[in-house]
Amino acid sequence: MTEALLEVTDLKKHYPVRAGVLRRQVGTVHAVDGVSFALGIGETLGLVGESGCGKSTVARSVLRLVEPTSGQIRLRGEDITHLSKTELRPHRRSMQIVFQDPFASLNPRMTAGDIVGEPIAVHGLASGKALEARVAKLFEQVGLRPDQMRNFPHQFSGGQRQRICIARALALEPRLIVCDEPVSALDVSIQAQVINLLIDLQRQHGFSYLFIAHDLAVVAHISHRVAVMYLGRIVEIADKDELFRNPRHPYTQALLASVPIANPHAKKIAPLVDGDVPSPVNPPSGCAFHTRCRFAMERCKTERPALVDAGVGHQVACLLNEGTGRSQ
Amino acid sequence: MADMSDLVLDVKNLRTVFFTNSGLFKAVDDVSFTVRRGETLAIVGESGCGKSVTALSLLRLVPDPPGRIVGGSVTLEGTDLLTLDDAEMRAIRGNRISMIFQEPMTSLNPVMRIGHQIVEAVRLHRNMSAKEAHDLAIEMLRLVRIPEPARRAREYPHQLSGGMRQRAMIAMALACRPALLIADEPTTALDVTIQAQILALILDLQKELGTGLVLITHDLGVVAQTAQRVIVMYAGKKVEEASVEALFAAPKHPYTRGLMASIPAVPASDVAPQARLNEIPGTVPSLVRLPAGCAFAPRCKLAIKRCQEEYPPLADWGGGHLAACWRAAEVAEVA
Ligand SMILES: Nc1ncnc2c1ncn2[C@@H]1O[C@H](COP(=O)(O)OP(=O)(O)OP(=O)(O)O)[C@@H](O)[C@H]1O
Ligand SMILES: Nc1ncnc2c1ncn2[C@@H]1O[C@H](COP(=O)(O)OP(=O)(O)OP(=O)(O)O)[C@@H](O)[C@H]1O
Ligand code: SF4
Ligand code: SF4
Ligand SMILES: [Mg+2]
Ligand SMILES: [Mg+2]
């Protein structure tokens, strides 16, 4: 990997669980429980994993939209974990996010054009006609028509709103774009346009992406490396090709086998991992996946596998893979 | 053709328009389809082509103003919903016909606990004690695989992850065991393992209760694996309809072909690093200023002069495979 743009070390985010009239704390949600990774300049790291495993929480922590409980976030070598709002401001421009729920993240009283143009105006980069032209260009890039700039968010369809969010994130040509399910609301042809656009921009400007998505085919196309999370931790991380050809963690294997195939004659979807998703409040002991793992052994209930290198930069946290590599 | 008594839903010539500052446009233009007991009909199409507005029209939830249903009929179990008064419609909505919305946050009440929202929905339609409704709510949350349903029931929507919110909504929609379920992108926020579980769950309940399902999704893999029939929409109109086998084997409309070609490869196959995905060039035309002829003409590689001038009628190309394209007969050879 080239120079690191973003380095995340042992990131944790815990939420208190409160109950009763006194709202006393009765437990802790281990939303993110010790996540480390680095993202190079011009690199895309795909982040996949079960719903509720902490992907959005990682995304928001990286941008300091939620305060991490512990751990460290470094942007271009500078520790930004504890910067104040004012100290953070110069970094804001270089980090943008496209949120998972587009409707909740758009101001309903602003026109789509103003929403996309706002960051450009706020940073005093353009105004008047020049601003309008820039916004119009952004609209075209994400497959919207410039005449739609006058419309309000509720007048757009779900997929169109998602594209407004993408245009807004691109407006400042940030160094890092965190994409939280940026294309899941789009039909496959628009999705292809957006993915191609993101790849083109990366080639031209060296943007880095932290790319969260449930669609593994999309992740495979855009990512250089892919990390798989389960219950607040990374359980496998490797180069894209290596991960898809040679998945080592039983959860990753189940994930790849569950992708529905666009062929009515293909084998029907049969849930491969069954059983209830464990709670992040009382995560299972040992390997958190043992309650649903086909290969679980007695020791999986008590021993927690560490993320170890299984060769060619392929790291995996599973007791079955122990001995195939060395501890990191 | 199926026995008529088997029909849960019969939509005929549905038309819904919006009045906006840039003019009037037809978001749903003369769309017809049927759903039988236990059948799954998928609706696919470009973002903004009118899928959600079609769904909202069935439930009579189109915001008025600016929108209005201006024509057609929506017959659910023999009753035309468009002729009902508001009170009658409320009694049916969430009871005989239920919807899973595309964006969960827009339909969950942010200041009400999840469990309570389900209890309210259930008690509106079913004669149940508070205790029974509460037990049912927890049971439904468990069915959609929410861990620790009793604890989650006490939480507010913002405390759940995106996928859990979507599952909570699915639980609410299924709680009253509707005759027709409309699911607008029900699994987009879910990872594939949970998606497989939820789809299996919806299909099981469907089999058990004979629920008709209208499934709106962009995921053609999901369509192939769950639906029996598919309709394809483009710019407010139905441009193709076929059995799922026929559609995937030989799509007749150039737009459908373009859509199928854009599906990213399944990861296990060897994809070249960062290969460009196929896309259909251009954007959907403004619905306010639709071309006179075929709305797909500006983007269609097969377009001929006639396409610009005359709208192609929906024709049957055999075995109920409908397509609206002047050149449908040649699509397989030319494209
Ligand atoms: N504000 C909050 N208060 C309490 N718990 C929270 C809060 N935000 C998130 N959580 C919990 O943290 C865990 C991780 O949530 P997160 O949104 O990061 O998941 P995710 O991986 O993005 O899931 P999805 O794929 O469903 O979007 C979940 O159990 C969630 O309920
Ligand atoms: N309240 C509204 N006011 C004005 N126009 C609207 C309104 N709601 C929807 N529209 C427009 O109607 C058209 C159809 O929207 P609809 O939400 O049905 O699209 P969709 O097919 O569901 O797309 P997606 O796949 O992106 O969700 C779009 O062009 C949209 O901009
Ligand atoms: S450590 Fe054990 S339970 Fe965990 S993934 Fe490996 S085999 Fe399965
Ligand atoms: S009618 Fe003409 S423009 Fe329309 S899809 Fe067919 S060939 Fe293309
Ligand atoms: Mg999320
Ligand atoms: Mg929609």
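Residues numbered from 1 in each chain as written. Chains lettered and ligands numbered in written order. Predicted model: local features only at pLDDT ≥ 70, side-chain atom pairs only at ≥ 80, totals over all residues. Heavy atoms only, no water.

What follows concerns the pattern of salt bridges. Under the definition given, this model contains 26 salt bridges over all chains. In this structure, B:Arg36 and B:Glu39 form a salt bridge, with 3.4 Å as the shortest nitrogen-oxygen distance. (Salt bridge = Lys/Arg side-chain N within 4 Å of Asp/Glu carboxyl O.)

The next point concerns the site of ligand 3. Lining the immediate environment of ligand 3, one finds 13 residues, of which A:Cys287, A:Cys293, A:Cys300, A:Cys318 and A:Leu319 sit closest. When its residues are assigned to classes, the shell around ligand 3 shows eleven nonpolar, two polar and no charged. (Near = heavy atom within 4 Å. Nonpolar A, V, L, I, M, F, W, Y, C, P; charged D, E, K, R; others polar.)

Moving on: the site of ligand 2. Taken together, 23 residues surround ligand 2, and among them A:Gln155, A:Ser157, A:Gly159, B:Ser47 and B:Gly48 come closest. One chain alone does not account for the residues near ligand 2; they come from chains A and B. Side-chain polar atom of B:Ser47 to an oxygen atom of ligand 2: 2.6 Å apart, as the coordinates give it. Measuring from an oxygen atom of ligand 2, one finds a backbone N or O atom of B:Gly50 at 3.0 Å. Those elements giving two or more residues to the shell around ligand 2 turn out to be α5 (158-170) of chain A together with β1 (7-20) and α1 (51-58) of chain B. Looking at the shell around ligand 2 residue by residue, the classes come out as eight nonpolar, 13 polar and two charged. (Polar contact = N/O pair within 3.5 Å; in protein donor to acceptor, adjacent residues only side chain to side chain. Helix = DSSP H or I, 4+ residues; strand = E, 2+ residues; numbered from the N terminus.)

Strand residues, when the strand is regular, have side chains that alternate between the two faces of the sheet. All names here are of chain B. Counting buried residues along strand β3 (residues 40-45), six of its six residues qualify, which places the element largely inside the surrounding structure. Relative to strand β8 (residues 212-216), β3 is paired through four bridges, and the arrangement is parallel. If you follow Ala42 over to β8, its bridge partner there is Leu215. Pairing of β3 with strand β9 (residues 229-234), which is carried by five bridges, proceeds in the parallel orientation. Note that in β9 the partner of Leu41 across the bridge is Arg229. (Buried < 20%, exposed > 50% of the residue type's maximum accessible area, 1.4 Å probe, protein only. Pairing = 2+ DSSP bridges.)

Describing two packed helices takes the angle between their axes plus the distance from one axis to the other. Residue and element names in this part refer to chain B. Packing of helix α5 (residues 130-143) against helix α7 (residues 162-175) leaves a shortest axis separation of 9 Å and a crossing angle of 125°. When the axis of α5 is compared with that of α7, the two are oblique. In this structure, the crossing between α5 and α7 has a hand that is right-handed. Along its contact with α5, which presents Leu136, Met140 and Leu141, the element α7 presents Ala168, Ala171, Leu174 and Ala175. Split into classes, the residues belonging to the contact of α5 with α7 amount to seven nonpolar, no polar and no charged. (Axes fitted to C-alpha atoms, helices over the stretch in contact; angles between N-to-C directions. Parallel < 35°, antiparallel > 145°, perpendicular 65-115°, else oblique. Left-handed = near helix turned anticlockwise from the far one by under 90°. Contact = heavy atoms within 4.5 Å.)

Under the defined criterion, the tally for this structure stands at eight aromatic pairs over all chains. Judged by centre distance (5.0 Å) and plane angle (55°), the ring pair of A:Tyr230 and A:Tyr251 falls under tilted. Of the two residues, A:Tyr230 sits in strand β9 (residues 225-230) while A:Tyr251 sits in helix α9 (residues 250-257), which places them 21 residues apart along the sequence. On the basis of relative accessible area, A:Tyr251 is assigned to the buried category, the value being 0%. Summarising the aromatic geometry, the rings of B:Tyr234 and B:Phe296 are spaced 5.1 Å apart at their centres and angled 80° between planes, so their arrangement reads as edge-to-face. (Phe/Tyr/Trp six-rings, centres within 6.5 Å; stacked < 30°, edge-to-face > 60°.)

What follows deals with the domain arrangement of chain B. The accessible area lost on association of the parts is a frequent measure of interface size. Residues and elements named next belong to chain B. Taken domain by domain, chain B consists of domain 1 (7-96 + 178-261 + 278-323) and domain 2 (109-175). With centres defined by C-alpha atoms, the gap from domain 1 to domain 2 works out at 28 Å. Counting from both sides, the interface comprises 18 residues of domain 1 and, opposite them, eleven residues of domain 2. Taking both partners together, domain 1 and domain 2 bury about 1,200 Å²; carbon and sulfur atoms supply 69% of that area. Our count for the domain 1 to domain 2 interface comes out at zero salt bridges. Listed by contribution, the elements that provide at least two residues to the side of domain 1 that touches domain 2 are α2 (86-92) and α8 (192-209). Per-element accounting of the side of domain 1 that touches domain 2 gives the leading share, five residues, to α8. (Domains from an automatic or database assignment. Buried area = accessible area lost by both parts, 1.4 Å probe.)

Right, let's get into the packing of helix α4 (residues 114-125) of chain B against α5(B). All names here are of chain B. The N-to-C vectors of α4 and α5 enclose an angle of 120°; their axes lie 9 Å apart at closest approach. Here α4 lies oblique to α5, going by the angle between them. In this structure, α4 meets α5 at a crossing whose hand is right-handed. Across the interface between the two elements, Ile114, Gly115, Ile118, Val119, Val122 and Arg123 from α4 touch Ala130, Ala133, His134, Leu136, Ala137 and Leu141 from α5. Here the contact of α4 with α5 is built from residues that sort into nine nonpolar, two polar and one charged.

Attention shifts here to the interface of chain B and chain A. Every contact between the two is made by 68 residues of chain B and, on the other side, 79 residues of chain A. Buried area between chain B and chain A, summed over both chains or domains, comes out near 5,900 Å², and the portion from carbon and sulfur atoms is 54%. The interface formed by chain B and chain A includes zero salt bridges. For the side of chain B that touches chain A, the secondary structure elements donating two or more residues are α3 (104-107), α6 (149-153), α7, α8, α9 (220-226), α10 (244-249) and α11 (254-261) of chain B. If one sorts the elements of the side of chain B that touches chain A by residue count, α8(B) sits on top with eight residues. The residue inventory of the side of chain B that touches chain A, partitioned by class, reads 28 nonpolar, 24 polar and 16 charged.

The next point concerns the sheet that holds β8(B). All names here are of chain B. Reading across the sheet, the eight strands line up as β6-β7-β8-β3-β9-β10-β12-β11 and stay open at both edges, with mixed pairing between neighbours. If you trace the sheet from one side to the other, it starts and ends with β6 (97-100) and β11 (315-316), each paired once. Of the strand pairs in this sheet, strand β10 (residues 237-243) and strand β12 (residues 322-323) are connected by two bridges, and their pairing is antiparallel. Within β12, the residue paired with Glu241 across the bridge is Leu322. Sheet strands touched by α7: β6 and β7 (180-184). Its angle to β6, the strand with the most contacts, is close to 175°.

Right, let's get into the environment of B:Leu9. Residues and elements named next belong to chain B. Mapped onto the elements of the fold, Leu9 is located in strand β1. Note on Leu9: relative accessible area 0%, which makes it buried. For the pair formed by Leu9 and Gly212, sequence separation is 203 residues and the distance between their alpha carbons is 7.9 Å.

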